[in-house]
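Residue strings, one per chain:
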Amino acid sequence: MIAATKLLTSEQLAVVRRRSDFRGLLAVAHAWGVIFGAVAIFVWLPNPITFLAAVLIIGTRQLGLAILMHDGAHGILCDNPRLNMFVSQWLCAYPMMAETQAYRRYHLTHHANTQQKEDPDLVLSAPFPITKKSFRRKMIRDLTGQTGYQQRKAQILNALGKPEWPLSQRLENYWRKLGRATVAQAVIFVILALSGHWYLYFGLWVLPFLTWQQAITRIRNIAEHAMVPDNNDDFRNARTTKANWLERALIAPYWVNYHVEHHLMMWVPCYNLPKARAFLIANGFGPRMETKSGYREVLRMATSRPDDQDQRGELVHNARKTRVQGVATEGFKPVEDAIA
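Each chain has its residues counted from 1, running along the sequence as written. Two thresholds apply to this predicted model, a pLDDT of at least 70 for residue-level local features and 80 or more for giving and counting side-chain atom pairs, whereas whole-chain, interface and lining totals are computed over all residues. Heavy atoms throughout the structure, all of them, feed into the side-chain values; hydrogens and water do not.

**A look at the overall build of the protein**
And then number 1: The secondary structure listing takes helices from DSSP runs of H or I that are at least 4 residues long and strands from runs of E that are at least 2 residues long, numbered from the N terminus. In terms of regular secondary structure, the protein is built from 16 helices and 2 strands.
And then number 2: For the protein, the C-alpha radius of gyration of 20 Å lies close to 20 Å, the compact-globule estimate for 340 residues.
And then number 3: Principal-axis analysis of the C-alpha atoms places the extent of the protein at approximately 55 × 50 × 45 Å.
And then number 4: Only heavy atoms matter for contacts: two residues are in contact if any of them lie within 4.5 Å across the pair. Considering only intrachain contacts with a sequence separation of at least 6, the fraction spanning at least 24 residues in the protein is 72%.
And then number 5: Method for areas: the Shrake-Rupley scheme with a 1.4 Å probe, in which residue coverage is limited to the protein chains shown. Taken as a whole, the protein presents about 15,700 Å² of accessible surface, with 61% of it coming from carbon and sulfur.
And then number 6: In this charge count, Lys and Arg are treated as positive and Asp and Glu as negative; neither His nor the chain ends contribute. By convention, the point assigned to a charge is CZ for Arg, NZ for Lys, CD for Glu and CG for Asp. Measuring between centres, the 41 positive side-chain charges of the protein sit 4 Å from its 26 negative side-chain charges. Atoms considered for the radius of gyration are the C-alpha atoms alone. The globule rule reads 2.2 Å times the number of residues to the power 0.38.

Shown next as structure tokens:
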């Protein structure tokens, strides 16, 4: 890993490493405000268009909560360590069926071994390029909830422990792994129930979580490391993808697209990543940084394998069921195989 002092001046480093309780809380409040705002608009104007828009918007902000949890796992969402952990756990991780400390242990291994054989995320990038047919099948599974259902099923069954255990032991194990996440789900349900719309927990929380959030998590994973030019170059073993306003609204919230910058300086809060990129470019590193013009360009490259090489049903890799580890590790049991 390149020393930060070789990338930025001391003045620039002071700017980008600055953490803010206010900005961290503002980002989390924004995510929840958009989520409940989308729910309110559907309640006010219930029709298929507002429902579909709410699913897309809420699913994106759910990914946003996972991204903000990621900053919390790095200890950079808020300046105050206790506030950072509380906000990361109760307002970001648990609602997403995740756990900050478990994610941190997993994720720091990824940073220490990016695109190397020890990288736990290598399974997410190694299979590419794939065929357009394969990608279409994956998107269908994501958007119809099949991927999300299988991952949550595996997570819950793992949390319940072995069938031969006594019930008390299984429940104790479940509470240890997913108890707090279950409490968070109950709180969301109660809030919606008290508003007179309990059914929207399933329609506008669970449904986006199992569908759109899954699909854009896959796209994000592809963009970050799939088909990077050089697995051994810190500037080129991750990718920054430029995002327009629509992509930021529906695919890449909270500066998640600045991935090269994050890997070069993982202690920079997400809200300072645009400044970090500007400083890196000003210091002459721009040409070395792997950058694509948008998610459409990344997906064209990632699906560049000819369709006549498509091998549907062949055992290829375990990415389908292990990629959830990139967002929600706690309680999830990796499965050894998946079908392309």
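**Details of the environment of valine 298**
And then number 1: With respect to the secondary-structure elements, valine 298 resides in helix α15 (residues 295–302).
And then number 2: For the exposure calls, accessible area comes from a 1.4 Å probe over protein chains only, and a residue counts as buried if that area is under 20% of its type's maximum, exposed if over 50%, partly exposed in between. The class of valine 298 is buried, set by a relative accessible area of 1%.
And then number 3: With 222 residues separating them along the chain, valine 298 and isoleucine 76 place their C-alpha atoms 28 Å apart.
And then number 4: Residues contacting valine 298, with those up to four places away along its chain left out, are Ile222, Ala223, Arg239, Thr241 and Lys292.

**Description of the packing of helix α2 (residues 21–44) against helix α3 (residues 48–73)**
Describing two packed helices takes the angle between their axes plus the distance from one axis to the other.
And then number 1: Only the stretch in contact is used when a helix axis is fitted, and all axes are lines through C-alpha atoms; the angle between N-to-C directions ranges over 0 to 180 degrees. Following both chains from N to C, one finds α2 and α3 inclined at 165 degrees, their axes separated by 9 Å at the closest point. Comparing the axis directions of α2 and α3 gives the class roughly antiparallel. As for how α2 packs across α3, the hand of that crossing is left-handed. Residue-level inspection shows Ala27, Val28, His30, Ala31, Trp32, Val34, Ile35, Ala38, Val39, Ile41 and Phe42 of α2 in contact with α3, the latter providing Thr50, Phe51, Ala54, Ile57, Ile58, Arg61, Leu65 and Leu68. Oblique is the label for every angle not falling under 35 degrees (roughly parallel), over 145 degrees (roughly antiparallel), or within 65 to 115 degrees (roughly perpendicular). Put simply, a crossing is left-handed when the front helix is turned counterclockwise from the back one by less than a right angle, and right-handed when it is turned clockwise.

**Observations concerning the packing of α3 against helix α4 (residues 81–93)**
And then number 1: Between α3 and α4, the least distance of the axes is 9 Å, while the angle of their chain directions is 155 degrees. Considering their axes alone, α3 and α4 lie roughly antiparallel with respect to each other. The handedness of the crossing between α3 and α4 comes out as left-handed. From α3, Leu65, Leu68, Met69, Asp71, Gly72 and Ala73 reach across to α4, where they touch Asn84, Ser88, Leu91, Cys92 and Ala93.
And then number 2: Here the contact of α3 with α4 is composed, by residue class, of 7 nonpolar, 3 polar and 1 charged. Under this grouping Gly is polar, as are all residues other than the nonpolar Ala, Val, Leu, Ile, Met, Phe, Trp, Tyr, Cys and Pro and the charged Asp, Glu, Lys and Arg.

**With respect to a nonpolar patch on the surface**
And then number 1: The grouping of Phe86, Trp90, Leu91, Trp175, Val183, Val187 and Ile191 at the surface amounts to a nonpolar patch, some 620 Å² of accessible area in total.
And then number 2: Broken down by secondary-structure element, the contributors of at least two residues to the nonpolar patch are α4 and α9 (167–194).
And then number 3: By residue number, the principal contributor to the nonpolar patch is α9, which donates 4 residues.
And then number 4: Residue placement: tryptophan 175 occurs in helix α9.
And then number 5: Classification of tryptophan 175 by relative accessible area gives partly exposed; the value is 45%. Residues enter patches when their relative accessible area tops 30% and they take part in no salt bridge; the joining distance is 9 Å for like charges and 5 Å for the nonpolar side chains Val, Leu, Ile, Met, Phe, Trp and Tyr. When a carboxyl oxygen of Asp or Glu lies within 4 Å of a side-chain nitrogen of Lys or Arg, that pair is called a salt bridge.

**A closer look at helix α10 (residues 200–210)**
And then number 1: When α10 is considered as a whole, its buried residues turn out to be Leu200, Tyr201, Gly203, Leu204, Trp205, Pro208 and Phe209.
And then number 2: Here the buried face of α10 lies against α2, α3, α8 (146–160), α9 and α11 (212–225).

**Quick look at the environment of serine 88**
And then number 1: As for its placement among the helices and strands, serine 88 is situated in helix α4.
And then number 2: For serine 88, a relative accessible area of 0% gives the class buried.
And then number 3: The spacing of serine 88 and methionine 69 is 19 residues in sequence and 4.9 Å in space, taken between C-alpha atoms.
And then number 4: Excluding its chain neighbours within four sequence positions, the residues that come into contact with serine 88 are Met69, Gly72, Ala73, Leu77, Ala93 and Thr100.

**Description of α15**
Within an α-helix, residues lying three or four positions from one another point in the same direction, as the helix has 3.6 residues per turn.
And then number 1: Of the positions making up α15, those classed as buried are Tyr295, Val298, Leu299, Met301 and Ala302. Projected down its long axis, α15 carries its buried residues within an arc of 160 degrees, all on one side. In this structure, α15 carries Arg296 and Arg300 as exposed residues pointing more than 90 degrees from its buried face.
And then number 2: Residues of α15 that are buried make contact with α7 (132–143), α11, β1 (240–241), α12 (245–250) and β2 (291–292). Of all possible arcs, the one meant is that of the directions from the helix axis to the C-beta atoms.

**Remarks on unusual backbone geometry**
Both trends apply: most residues other than glycine have a negative phi, and most peptide bonds are in trans.
And then number 1: A cis geometry characterises the amide bond from phenylalanine 128 onward to proline 129, with omega recorded as 10 degrees.
And then number 2: Here proline 129 lies in the loop between α6 (122–125) and α7.
And then number 3: Positive phi values are uncommon outside glycine, yet glutamine 115 reaches one of about 60 degrees.
And then number 4: Within the element layout of this structure, glutamine 115 appears in the loop between α5 (100–112) and α6.
And then number 5: The phi dihedral of methionine 227 is positive, around 55 degrees, even though this residue is not glycine.
And then number 6: Assignment of secondary structure puts methionine 227 in the loop between α11 and β1.

**Here's the deal with the confidence of the model for the protein**
And then number 1: How sure the predictor is of each residue is captured by pLDDT, a score from 0 to 100. Averaged over all residues, the pLDDT of the protein is 91; the fraction at 70 or higher stands at 92%.
And then number 2: Overall, residues 314–340 carries pLDDT values under 50, and its contacts beyond four positions in sequence, including any with other chains, amount to 89 contacts.

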